[in-house]
Amino acid sequence: QQVKRLAHKHGALLIFDDGTIPVVIRETTRREYNGYVDAVSGYVLFNSQKDVANPETINLEDNLNRLIEREFGITPDKLGKKTLVGAYGHPNTGEFDFAHLVRVKLDANHFNTDKAYADQKEGKLILLRGYDDVQKVLNGELFADKGKMYGLWGEMSSLEKNDFK
């Protein structure tokens, strides 16, 4: 039986071959995150109590693949390079995200399919178009009235212009 630990989360900012980056305006009952801009995110699943006691046994890549497939219907064979860019924490809740950048071997046409955003109950999907849109989010020009999830902020801050070539 898998054990969900609330303090350990996973997040990934997906970069599609055409520079598309999907983000979500979360609609959640958790007051502190409702209306926040986020990317792929979810809890790290520990496979057993042994993993809780020995976190080095956790397979972060399996957890990441599970989240990406659950939220966007993208199977592991469509994923390219995965880069862990850090662990970012929430100062009030004590939660933190293992934050990743993940290359996806698809383009924006993926979002015209039925499996493109399976977790629609989680919020509204928005497609950013490249580095300039990311900079607008970071500079407060896009989503100025929205909070940004701590892991997403770290992932976006890690991007460079050459990540979109």
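Above this text you will find the structure in question.
Presented here is a report on the structure given in the accompanying data block. None of the values given here were measured: they were computed from a predicted structure.

1. Describing the overall build of the chain
Here comes step 1: Within the chain, the regular secondary structure consists of 4 helices and 7 strands.
Here comes step 2: If you list the helices and strands of the chain from N to C, you get β-β-β-β-α-α-β-β-β-α-α.
Here comes step 3: When burial is assessed residue by residue, the chain has 44% of its 165 residues classed as buried.
Here comes step 4: Considering only intrachain contacts with a sequence separation of at least 6, the fraction spanning at least 24 residues in the chain is 71%.
Here comes step 5: When the accessible surface of the chain is totalled, it reaches about 8,600 Å², and 47% of it is carbon and sulfur.

2. Topic: unusual backbone geometry
Here comes step 1: With a phi angle near 60°, Phe143 is a residue other than glycine that sits in the positive phi range.
Here comes step 2: Relative to the elements of secondary structure, Phe143 occurs in the loop between α3 (131-138) and α4 (150-158).

3. Some words on the nonpolar core
Note on soluble globular proteins: their nonpolar side chains tend to be buried together.
Here comes step 1: If you look at the biggest cluster of nonpolar residues, it comprises 20 residues, and the most contacted ones within it are Leu13, Ile21, Val23, Leu152, Met156 and Leu159.
Here comes step 2: Looking at this core, the elements that each hand over two or more residues are β1 (3-16), β2 (20-26), α3 and α4.
Here comes step 3: Setting aside residues up to four positions removed in sequence, Val23 forms contacts with Leu13, Val37, Asp38, Lys124, Leu125, Ile126, Leu128, Phe143, Leu152 and Met156.
Here comes step 4: Core analysis: the second largest hydrophobic core is formed by 14 residues, Leu14, Leu79, Val102 and Val104 among them.

4. Observations regarding helix α2 (residues 60-72)
Here comes step 1: In a regular helix each residue adds 1.5 Å, so 13 residues correspond to 18 Å; α2 covers 18 Å between its end C-alpha atoms and thus fits that length.
Here comes step 2: Looking only at α2, the buried set comprises Asn63, Leu64, Asn65, Leu67, Ile68, Glu71 and Phe72.
Here comes step 3: Gly73 sits one or two residues past α2 and shows a positive phi near 65°.

5. Focus: the side chain of Glu71
Here comes step 1: By the secondary structure assignment, Glu71 is in helix α2.
Here comes step 2: Since its relative accessible area comes to 1%, Glu71 is described here as buried.
Here comes step 3: Side-chain polar atoms of Glu71 contact the side chain of Arg70, separated by 2.9 Å.

6. Side note on the sheet that holds strand β3 (residues 37-38)
Here comes step 1: With antiparallel pairing, the 3 strands of this open sheet are ordered in space as β3-β2-β7. Each edge of the open sheet is held by one strand with a lone partner, namely β3 and β7 (123-129).

7. Structural notes on the side chain of His100
Here comes step 1: The residue His100 is located in strand β6 (residues 96-104) in this model.
Here comes step 2: By relative accessible area, His100 is classed as buried at 7%.
Here comes step 3: In this view, His100 contacts His10, Gly11, Ala12, Leu13, Leu64, Thr83, Leu84, Val85 and Glu155; residues no more than four positions away in its chain are not counted.

The rules behind these values
Residues numbered from 1 in each chain as written. Predicted model: local features only at pLDDT ≥ 70, side-chain atom pairs only at ≥ 80, totals over all residues. Heavy atoms only, no water. Helix = DSSP H or I, 4+ residues; strand = E, 2+ residues; numbered from the N terminus. Buried < 20%, exposed > 50% of the residue type's maximum accessible area, 1.4 Å probe, protein only. Contact = heavy atoms within 4.5 Å. Areas by Shrake-Rupley, 256 points an atom, 1.4 Å probe, with all protein chains shown as cover. Core = buried A, V, L, I, M, F, W, Y, C linked by side-chain atoms within 4.5 Å. Expected span 1.5 Å × (residues − 1). Polar contact = N/O pair within 3.5 Å; in protein donor to acceptor, adjacent residues only side chain to side chain. Pairing = 2+ DSSP bridges.

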